[in-house]
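# Breakdown of the fold
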Amino acid sequence: MAISKLRFTCTPHLIGLVAILLLSICANPSLIHALAESDFDSDILLFHQDYTPPAPPPPPPHPPSLSCESDLGGIGSLDTTCQILSNLNLSKDVYVEGKGNFVIGANVAVNCSSFFGCELAINVTGNFTLGENSSIICGTFQLAADYASFGNGSTVNTTGLAGDPPAQTSGTPQGVDGAGGGHGGRGAACLKDKSKLPEDVWGGDAYAWSTLGKPWSYGSKGGTTSREVDYGGGGGGRVQFLVSKLLEVNASILADGGDGGTRGGGGSGGSIFIKAYKMIGIGRISACGGIGYAGGGGGRVSVDIFSRHDDPVISVHGGSSLGCPENAGAAGTLYDLVPRSLTVSNHQKSTYTDTLLMDFPQPFLTNVYIRNQAKAAVPLLWSRVQVQGQISLLSGGVLSFGLAHYSMSEFELLAEELLMSDSVIRVFGALRMSVKMFLMWNSEMLIDGGGDENVETSSLEASNLIVLREKSIIHSNANLGVHGQGLLNLTGPGDCIEAQRLVLSLFYSINVGPGSVLRGPLKNSSDETVTPKLHCDSQDCPAELLHPPEDCNVNSSLSFTLQICRVEDILVEGFVEGSVVHFHRARTISVQSSGIISTSGMGCHGGVGQGNVLSNGLGSGGGHGGRGGMGCYNGSCIEGGISYGDANLPCELGSGSGNDSLAMSTAGGGILVIGSLEHPLLSLYIKGSVTADGDSFNGDFLGKNDSTGNMIIGPGGGSGGTILLFLRNLDIGESGNLSSVGGHGSLSGGGGGGGGRIHFHWSDIPTGDVYWPIATLNGTIHTGGGLGGNEGHMGENGTVSGKSCPKGLYGVFCEECPVGTYKNVTGSDRSLCSSCPSDDLPNRALYVHVRGGITETPCPYKCISDRYHMPRCYTALEELINTFGGPWLFGLLLLGLLILLALVLSVARMKFIGVDELPGPAPTQQGSQIDHSFPFLESLNEVMETNRVEESQSHVHRMYFMGPNTFSDPWHLPHTPPEQVKEIVYEGAFNNFVDEINALAAYQWWEGAVHTILCIFAYPFAWSWQQWRRRLKLQKIREFVRSEYDHACLRSCRSRALYEGLKVAATPDLMLAYVDFFLGGDEKRDDLPPRLHQRFPMSLLFGGDGSYMTPFTLHNDNIITSLMSQAVPPTTWYRFVAGLNAQLRLVRRGCLRAKFRPVLQWLETFANPALRSCGVHVDLAWFRDTTDGCCHYGLLVYAVEEMDRLSLGHHGEPGIEQHARATGVYLKDESSNKTYLGRTQRSEGNWRRKVFGGVLDINSLRVLEEKRDLFFVLSFLIHNTKPVGHQDLVGLVISILLLGDFSLVLLTLLQLYSLSLGDVFLVLFIMPLGILLPFPAGINALFSHGPRRSAGLARVYALWNITSLINIVVAFICGYVNYHSQSNGRIPNFQPWNMDESEWWIFPFALLLCKCFQSKLVNWHVANLEIQDRSLYSNDFDLFWQS
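Summary of the structure given here. Keep in mind the model is a prediction, meaning the values are calculated, not measured.

Here we take up the environment of Tyr822. Note on placement: Tyr822 falls in strand S59 (residues 821-822). In this structure, the C-alpha to C-alpha distance between Tyr822 and Pro837, residues 15 residues apart in sequence, is 9.9 Å. Setting aside chain neighbours within four positions, we find Tyr822 in contact with Leu832, Cys833, Ser834, Ser835, Cys836, Ile854, Thr855, Thr857 and Cys859.

With that settled, the discussion passes to the packing of aromatic side chains. Throughout the structure, instances matching the rule amount to 37 aromatic pairs. Between Trp1162 and Phe1440, the ring centres sit 5.6 Å apart and the planes meet at 85°, which makes this aromatic pair edge-to-face. You can see Trp1162 sitting in helix H16 (residues 1152-1172) and its partner Phe1440 sitting in helix H25 (residues 1437-1442), a full 278 residues away along the chain. Taking relative accessible area as the criterion, Trp1162 reaches 4% and is therefore assigned buried. Taking the relative accessible area as the measure of exposure, Phe1440 reaches 0% and is therefore buried. An aromatic cluster is defined as three or more aromatic residues linked by ring pairs; in this entry it consists of Trp1133, Phe1136, Trp1162, Phe1166, Phe1437, Phe1440 and Trp1441. The ring of Tyr810 carries the charged tip of Arg830 above its face, separated from the ring centre by 5.5 Å. Its end group placed over the ring of Phe1276, Arg1148 keeps NZ or CZ at 5.8 Å from the ring centre.

Overall, the coordinates contain 27 salt bridges when judged by the stated rule. One salt bridge connects Arg186 with Asp205, and the closest N-O pair in it is separated by 3.0 Å. With a gap of 19 residues between them, Arg186 in the loop between strand S11 (155-157) and strand S12 (238-249) and Asp205 in the loop between S11 and S12 connect regions that are remote in the sequence. Neither residue differs from the other here; Arg186 and Asp205 are each classed as buried. We note a salt bridge from Glu498 to Arg519, for which the minimum N-O separation is 2.8 Å. Residue Glu498 is found in strand S34 (residues 496-498), and its partner Arg519 is found in strand S37 (residues 517-520); the two are separated by 21 residues along the sequence. Exposure remark for Glu498: the relative accessible area of 14% places this residue in the buried category.

A separate point is the pairing of strand S10 (residues 140-150). As defined by bridge partners, strand S7 (residues 119-124) adjoins S10 across five bridges and the pair is classed as parallel. By the bridge assignment, Leu120 is partnered in S10 with Phe141. Across four bridges, strand S8 (residues 127-130) lies against S10 in parallel orientation. Note that in S10 the partner of Phe128 across the bridge is Ala148. In the sheet, S10 pairs with S12 via 10 bridges, with the strands oriented parallel.

Okay, unusual backbone geometry next. Of the consecutive residues Thr857 and Pro858, the connecting peptide bond is found in the cis state with omega at 0°. Its place among the elements puts Pro858 in the loop between strand S61 (845-847) and strand S62 (861-863). Cis geometry is adopted by the peptide bond preceding Pro1097, which originates at Phe1096 and carries an omega value of -10°. Positive phi is not limited to glycine here, since Asn107 has a value of about 60°.

The next thing to look at is the state of the cysteines. Evaluated as defined, the whole model comprises 11 disulfides. Covalent S-S linkage joins Cys536 and Cys604, the inter-sulfur distance amounting to 1.9 Å. Taking the sign of the torsion about the S-S bond as the criterion, the disulfide between Cys536 and Cys604, at about -95°, is left-handed. One end of the pair, Cys536, is in the loop between S37 and helix H4 (543-546); the other, Cys604, is in the loop between strand S43 (596-598) and strand S44 (631-633), and 68 residues separate them in sequence. Since its relative accessible area comes to 21%, Cys536 is described here as partly exposed. Paired through a disulfide, Cys836 and Cys859 show a sulfur-sulfur distance of 1.8 Å. Across the S-S bond linking Cys836 and Cys859, the dihedral sits near -85°, which makes this disulfide left-handed. Of the two residues, Cys836 sits in the loop between strand S60 (834-835) and S61 while Cys859 sits in the loop between S61 and S62, which places them 23 residues apart along the sequence. Considered together, Cys836 and Cys859 belong to a single accessibility category, that of buried residues.

What counts, and at which threshold
Residues numbered from 1 in each chain as written. Predicted model: local features only at pLDDT ≥ 70, side-chain atom pairs only at ≥ 80, totals over all residues. Heavy atoms only, no water. Helix = DSSP H or I, 4+ residues; strand = E, 2+ residues; numbered from the N terminus. Contact = heavy atoms within 4.5 Å. Phe/Tyr/Trp six-rings, centres within 6.5 Å; stacked < 30°, edge-to-face > 60°. Buried < 20%, exposed > 50% of the residue type's maximum accessible area, 1.4 Å probe, protein only. Lys NZ or Arg CZ within 6 Å of the ring centre and 35° of its normal. Salt bridge = Lys/Arg side-chain N within 4 Å of Asp/Glu carboxyl O. Pairing = 2+ DSSP bridges. Disulfide = S-S within 2.5 Å.

Laid out in structure tokens, this is it:
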């Protein structure tokens, strides 16, 4: 650099030379020309180098060495070992040389203090030993040996015994001020002239900097306070150790300055130089200044020791000042040659006196330590302080560059590290610092530019790290650049970097911690020379605001007062303030909740839009983005400042209240620019405040007068400044604030300042699919005008603007146009977002958000729900209907398809099962012996000609099982044998037989549990499960009786042997079972078996329970037929049974009172008239087992004469009771209360055994009690009916309805799928698959072989059909809930035939109707299958009995 060639070095040592030179020039002006033409270097004229005295003449040769014994009084020889065992006083300089050892014994004193500067030199090739508590006192002590040992308590003392200091030095102060002597540091001087600063006064000056590595100068004598008597302390002497091997120091090596007391200054410390290969010991080495009225400066110590094992105490501090204790002598220097480190330490003695650091030696020092309140100074102009390692200032250390009143030079500081703790660096001029690491702890760096524009810029560069902690400050009253490549961290409160113009650049990251400050310019600066000039009167935008230079150097010609340039990440938790603040080429800026970036009140006091001021001080507000508010007082008003600047690219300072000559004027806001056109900021995060507010008037001058006596009212507020942001992303948190508001006017009536301008100049605005919101706003943005006081008016609002947005985006923050609008032009106005054409939007659609906004029509949309499908927002069902041309055409096509498929099914059915069915219902021919009218009796008809005669001849009694054979009430037999079989069974064995039968008839718990579960989820499966378990139970019982049981209860040996005495059977519905007892043939009883008339009255129980699946039936088997054939012809009995069963199948449980009435009428009109001719009468009766309350219905058969006898009124005979509410006859078994079948044994015409029950007639039906359950309601849909004929037509219609049912199910599910997939699952699985299974069940029923099997499967199909009603109810509920949960209420049809959401019920309702129709037709179909002889329902008596 050119500057490096002009380094000036000026020391006080050359003052005399300068004076002589000036006098010579004045006396002989021609000398100037001679000097100019001579080879005299101009740098010497400028005192480029420190003055060094001319080399002294070579020292005289050593005097001859003294002998050991004769001269020194010792023992031995210097070539072997010389021992000094007694005190030795010397009166002249002594030189001792030998090849042996030199030993000074313990407690021996060698004294050469009779004159100042006495020299003692010892040069031996062996060992030198100074015994314990021994001492050497002289002015100069030199030692050269291989080994040297200084014992405990021993002393080498040259304190105050110095000879003359080097010539042409000013170490000894002049005058009678009692100042201290100088050497390594200046001597102190107590300040008496109060017009001077303490730093401007010192005693003796420092010298011998050039011999820093090998000091060999005496210390200087202190000054005196008397002209007559010299009270000053003597200077310290000289000590030199040259030990080639081991040096042991446990002694005190002293070269301190002498004390001057209260009337003289202390002498300065001397010189100590120690060179050894190895040193041990914990002695004390001192070259301190002496104590006096003013303390002497410290001396110089240098050590050149390769290996130091212990740390002796080395002191070079200044002496204490008794006259001014706060100003001790300056510290001397300690130089360690091995690491080349310089230490300046003042032992915590406060001082105003400097230790001068001249030109640093070559090679460079490694480390410099300034500590313990030492005060070092680099006084030479254009000096460079360069070390290879660390410069450390600790514990009150001070380092000064330049002269306090001559801030005209530049200084360089180069090191690896600069560490400061509780210390100060003062720079008078400019500083160029270059380090790798700069750490400050409660320290200050104060740079005083002195107002010289030529040297006003300082540069601090730390390539790795700059950290300020614990109220550390970097302050410059000129320009300052802080550069680095790593981290700049202002840690916390009190940490501050401030300058008139401040530039921070090239850092990777800058952290401004909570409470820390970055500021430029300074507050309340009085130096106008270096204060940045603001362009207040110009409306032209400075080019550097939009296109800043790339070099990031401090440039006084630019308008920036604070610039942060080329920094990756900036974290602001503290305070950043300036007039024109610029963040250039940064990546991210984060302003935390405690952080503030402010240019508020840092703008112009005047300016283009300045307010106006009346003579009484009333002022209006300044204008900028909005006009300033008018100032008013007592009806007198003054206009506010004008609005100026460009809202689309503002770059102006805010204007003030005007008349900036007044101390109470207010200023406008400054300028904050973040980024640039070429290099926008990537991201700005604001959780704190970013402000450029106008200044508010905080005083109250109402009622006060100025110097002329006029009343002062008060000014208006300043206008807001400019915030210009070139960035890509903005995030303002909830606590974030971005403002450029006007300041408030004075309360006396001043006008409010106008709002400022905020502009967002977005860069690389993403569009289309890559769009991402460039701004997140949760905080506030203010550009409002300031408030006026009292009568004053409020300032107008400022502007918030943004860069023109691309297509699809609008507004300041380039947001997406609202849904339903599009924008196909560039601009930011909201009105550019035009509404999308409504004709392109289906009624069931909504416009959708499109990333990046909509740029062209047609605008994209979506259906209001996922149940509708693009592009016309049809449901899946509507899409299906629309595919086939609309609802009417779709309905016709579906109906035609159903009919076609039904015809195909009918043809296939006829081909598949037609051979098994009769062509149609027709009456049978008269005289037919085999009756096919009732399928349940076919098996009986087929075996009618078998051995029924033999069975009836041996049959004794039929005993019915009790219970309906359910899981909760299984079959069971009573333990007491009936009266009719007591003669043929053993009662005990019979009880065992009953126990085994009852155990077999009982069900397991899990069978009932499975049935219960199936009843809940699939009732048809539950019925099938129950019938299957009943069938298995009957098989087990029959197998047990037939082959496993040994018939031990029978008395007949033949029956026990042939297993033929007991038989178990049941009705086809498996609800009624019975046990038949037969004779074995070896009983030899004439009265057994009884004849038919002996069995009267005889009860025949109905099977079934009157339900749809198990209607009431009279089971007729061989036994009954054989017995009845004794009185009634078999054909008559068969016809009676068929007709009775035809009537019973119409009886429905829950409607017994109404449905039994036709049965009674049929018995009276058809049955009994025909049977009377055979001597038999039948009545409908009910029978109850009193143990469990189970009621059975059946017939009571007795002879006609018994009926006549009862009708004649034999009511008084024992055993016959009148029913209180009915006319029926009660037959009761009083002993066992068990129902029985058989003839009672007569005794004198009375019945001893009676049955509990009653005959049902018209009167007793009225009081018949019956229970109704949930299935009663369903009996109106599924019940047994009379046959209607036309079986093929009924089957065809059922096929059509079955296919239609399945189609409606699919359409309903499709409709529900349009609502919700969950609704489909609910409908399908509330009753698992109940809505789908009727179709396969119906197909199975239609294609089954045989009328009986077809009828059974048709009943199952009917059950599934009714069960599916639950699923239809669920479909209704789902549709209702979805319809009423729609938030839009009504959605208009977009086609006249489409289903509206309010018509959700159509398909479920149609399905319900289809189910009902199917139930009716299935009832007919079952009747056609089961009753193929319609004459059974004939009203003609003759036709019925003749068929």
